[in-house]
Amino acid sequence: MADFEKAVSLSLRETVSQVEKAMESGSAPARLIDQNEFSVKGIRVAVRVYEEAASAGLRRTQMTVTMASDGKGTQVSARTASSSRPFFFKKRQTAGEESLIDALQKAFP
């Protein structure tokens, strides 16, 4: 599992657009498999779930990106999960997880 957290001074729409571009143009493009948007007490939230499949189709990596905006800025929070095998009782971060998080980090330097 890998994660990414960042506060950005962009609108929710601009942030969603940056995330979508990053996932489409990453080293191994990820496809959007689910999405949702809603508001809670003036906070707008967008959730995107991406999937990157290994070339042999044996392993899949998913990343959920949650973006919450109060109209002044947006908080981005991303978590990955994959079918990697445990290593000494801890799950190792896979190359797929690293590539998804790297794409987000490049989108929000």
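The model shown is predicted, which means the values in this text are computed figures rather than measured ones. (Residues numbered from 1 in each chain as written. Predicted model: local features only at pLDDT ≥ 70, side-chain atom pairs only at ≥ 80, totals over all residues. Heavy atoms only, no water.)

(A) Layout of the overall build of the protein chain. A tally of regular secondary structure across the protein chain gives two helices and seven strands. Counting from the amino terminus, the protein chain carries its helices and strands in the arrangement β-α-β-β-β-β-β-β-α. Of all 109 residues assigned to the protein chain, the portion counted as buried reaches 39%. Of the contacts made within the protein chain by residues no fewer than 6 positions apart, 51% connect residues no fewer than 24 positions apart. Looking at the protein chain as shown, the accessible area adds up to about 6800 Å², and 52% of this sits on carbon and sulfur atoms. (Helix = DSSP H or I, 4+ residues; strand = E, 2+ residues; numbered from the N terminus. Buried < 20%, exposed > 50% of the residue type's maximum accessible area, 1.4 Å probe, protein only. Contact = heavy atoms within 4.5 Å. Areas by Shrake-Rupley, 256 points an atom, 1.4 Å probe, with all protein chains shown as cover.)

(B) Spotlight on the nonpolar core. Counting 22 residues, the largest nonpolar core has Val19, Met23, Met63, Val65, Met67 and Leu104 as the members making the most contacts within it. Listed by contribution, the elements that provide at least two residues to this core are strand 1 (3–8), helix 1 (12–24), strand 3 (43–53), strand 4 (60–69), strand 5 (74–82) and helix 2 (95–107). Setting aside its immediate chain neighbours within four residues, Met23 contacts Pro29, Ala30, Tyr50, Met63, Leu100, Ala103 and Leu104. (Core = buried A, V, L, I, M, F, W, Y, C linked by side-chain atoms within 4.5 Å.)

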